[in-house]
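These are the residues of each chain, in order.
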Amino acid sequence: AAKAAGGNRYAIFDPAMHADLLAEAQQRYELERALAEGQFVVYYQPIVELSSTRLVGVEALVRWDHPERGVIGPDAFIPLAEATGLIVPLGRWVLEQACRQLARWRAAYPSATDVYMSVNLSARQFQAPGLVEDVAAAIAAAGIPAGRLTLELTETLLMRDTVATVEALAALKALGVKLAVDDFGTGYSALGYLRQFPVDIIKIDKSFVDGVATSHEDAVLAQTIVQLGRTLNLQTLAEGIESTDQSSQLEALGCTYGQGYLFARPAAAQQIEGLLRGR
Ligand code: C2E
Ligand code: MG
Ligand code: MG
Ligand code: MG
């Protein structure tokens, strides 16, 4: 903003930039207040086994139920939460909610005992101290087996092969949780980290799934990822499946699990209960 306004060194007095900063401070304050006032809710999206469409897990996806603007998706506030550091308490809250929700389902539906909960983690949460303790505490407070919790990490985080990252991943694995690489294929294509880190699941990004039934290239790319998973003994899950053509093609390529609007959209906990009951 400073450059655009003429690039002078006293751009700090640029009124447009001042307005930006004010807007950001205002948004940060609103986010903090939303967390304090309980305006965030966790939605859950089913994860199915492609061959049977049987529910095997759910992914926790945060929403902001804004008093005036209604339900707001994470793309509209996660970047700001990451920039301001609020993602650390927000992410901890999502993790606690998700673990408790899984515990409630396990208590109410015997068929839910082998369903797993998947929670997204931001790189910021990894850099902050206390992540491993927070995860251990959330599991213990809910009373769920650690093996029923999966943490979704991004390739960018895994690429940052610092001592702290390596240690945090090893400590999480030692707790017994599973690790998934989210949005696989969209980051830097340095695959070394897959061998180096204790990852269990690759989530094939929607951008490969979109064309899997119509574009030869996308099908080959998806197949390559599935084969990579098989070679490294990792499970593969395709994200953003919207059609039966995509689903059957992915299944034919050897992908085991799927998630997408074809099966179910993310929904409030109550709506997932019908699926657990009918399981
Ligand atoms: P993600 O983890 O890759 O989650 C998948 C996103 O794809 C979700 O968007 C989901 O609603 C959407 N999706 C699933 N199936 C389909 C489909 O068939 N078609 C289409 N068009 N979309 C589909 P959502 O819920 O808006 O979340 C966006 C991103 O926000 C997530 O991407 C994740 O990176 C982030 N996010 C969500 N909740 C959290 C959280 O609690 N913590 C952190 N750090 N990030 C979160
Ligand atoms: Mg995810
Ligand atoms: Mg994803
Ligand atoms: Mg994503």
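Let us look at the structure shown here. (Residues numbered from 1 in each chain as written. Chains lettered and ligands numbered in written order. Predicted model: local features only at pLDDT ≥ 70, side-chain atom pairs only at ≥ 80, totals over all residues. Heavy atoms only, no water.)

The subject of this paragraph is the coordination of the magnesium ion (ligand 3). For a metal bound by four donors in tetrahedral geometry, the ideal donor-metal-donor angle is 109.5 degrees, whereas six donors in octahedral geometry ideally sit at 90 or 180 degrees. In this structure, Asp182 (OD), Asp183 (OD), Glu239 (OE) and Glu239 (OE) serve as the protein donors to the magnesium ion (ligand 3), at separations of 2.1 to 2.3 Å. One chain supplies every donor for the magnesium ion (ligand 3), spaced along it as D-D-x55-E. The metal-metal distance between the magnesium ion (ligand 3) and the magnesium ion (ligand 2) comes to 4.0 Å, with Asp182 coordinating both. Here the residue Asp182 occupies a position in strand 6 (residues 178-184), and Glu239 occupies one in the loop between strand 8 (235-238) and helix 11 (244-253), the gap between them amounting to 57 residues. For the residue pair Asp182 and Glu239, the accessibility class agrees, reading buried in each case. (Donors = N, O, S within 2.8 Å, 3.2 Å for Na, K, Ca; no water. Helix = DSSP H or I, 4+ residues; strand = E, 2+ residues; numbered from the N terminus. Buried < 20%, exposed > 50% of the residue type's maximum accessible area, 1.4 Å probe, protein only.)

We now examine the layout of surface pockets. The computed volume of the largest pocket comes to approximately 1,100 Å³. Along its surface, the largest pocket is lined by 34 residues, and Glu59, Leu61, Pro74, Asp75 and Asn120 are the ones closest to its centre. Of all the secondary-structure elements, those providing two or more residues to the lining of the largest pocket are strand 2 (54-66), helix 2 (78-84), helix 3 (87-108), strand 5 (149-154) and strand 6. Broken down by element, the residue count for the lining of the largest pocket peaks at 5 residues, all from strand 2. Among the residues making up the lining of the largest pocket, the classes are represented as 13 nonpolar, 10 polar and 11 charged. There is about 210 Å³ of room inside the second largest pocket. (1 Å grid on protein atoms, 1.4 Å probe; cavity = no way out; pocket = protein on both sides within 12 Å on 5 of 7 lines; lining within 4 Å. Points joined across faces, edges and corners; volume = space filled by probe spheres on them. Nonpolar A, V, L, I, M, F, W, Y, C, P; charged D, E, K, R; others polar.)

Here we come to the coordination of the magnesium ion (ligand 2). All of the protein donors around the magnesium ion (ligand 2) are Glu59 (OE), Asn120 (OD1), Glu152 (OE) and Asp182 (OD); their distances to the metal are 2.0 to 2.2 Å. Considered as a linear motif, the donors of the magnesium ion (ligand 2) on their single chain read E-x60-N-x31-E-x29-D. Assessed through its relative accessible area of 3%, Glu59 is described here as buried. For Glu152, a relative accessible area of 1% corresponds to the buried category.

With that settled, consider the site of ligand 1. Taken together, the neighbourhood of ligand 1 is formed by 23 residues, with Arg63, Asn120, Asp182, Glu242 and Tyr261 sitting nearest. Note that an oxygen atom of ligand 1 is positioned 3.0 Å from one of the side-chain N or O atoms of Glu59. Between Asn120 and ligand 1, the recorded distance is 2.9 Å, taken from a side-chain N or O atom to an oxygen atom. For ligand 1, whose free accessible area comes to 810 Å², the fraction covered by protein is 82%. Spatially, ligand 1 is embedded in the largest pocket. (Near = heavy atom within 4 Å. Polar contact = N/O pair within 3.5 Å; in protein donor to acceptor, adjacent residues only side chain to side chain. Areas by Shrake-Rupley, 256 points an atom, 1.4 Å probe, with all protein chains shown as cover. Sits in = over half its atoms within 2 Å of the grid points.)

So, on to the pairing of strand 1 (residues 40-49). Burial analysis of strand 1 places 7 of its 10 residues in the buried class, the great majority of the element. Bridging between strand 1 and strand 2 involves 10 bridges; their strand directions are antiparallel. The partner of Ile47 across the bridge, within strand 2, is Gly57. What sits between strand 1 and strand 2 in their antiparallel hairpin is a turn of 4 residues, with Thr53 showing a positive phi close to 55 degrees. (Pairing = 2+ DSSP bridges.)

What follows is about the pattern of salt bridges. It is possible for side chains bearing opposite charge to pair when their charged atoms get close. Under the criterion given, the structure shown has 10 salt bridges. With its nearest N and O atoms 2.7 Å apart, the salt bridge here joins Asp210 to Lys206. Look at Asp210 and you get partly exposed, because its relative accessible area is 38%. Within the structure, one salt-bridge network assembled from shared partners comprises Glu59, Glu152, Lys203 and Glu239. (Salt bridge = Lys/Arg side-chain N within 4 Å of Asp/Glu carboxyl O.)

A few words now on the packing of helix 10 (residues 216-231) against helix 11. Two elements in contact, helix 10 and helix 11, have axes separated by 9 Å at closest approach and are oriented at 45 degrees. It follows from the interaxial angle that helix 10 and helix 11 lie oblique. Classified by chirality, the crossing of helix 11 by helix 10 is right-handed. Of the residues in helix 11, those in contact with Ala219, Ala222, Gln223, Val226 and Arg230 of helix 10 are Gln249, Leu250 and Leu253. Broken down by class, the residue content of the contact of helix 10 with helix 11 amounts to 5 nonpolar, 2 polar and 1 charged. (Axes fitted to C-alpha atoms, helices over the stretch in contact; angles between N-to-C directions. Parallel < 35°, antiparallel > 145°, perpendicular 65-115°, else oblique. Left-handed = near helix turned anticlockwise from the far one by under 90°. Contact = heavy atoms within 4.5 Å.)

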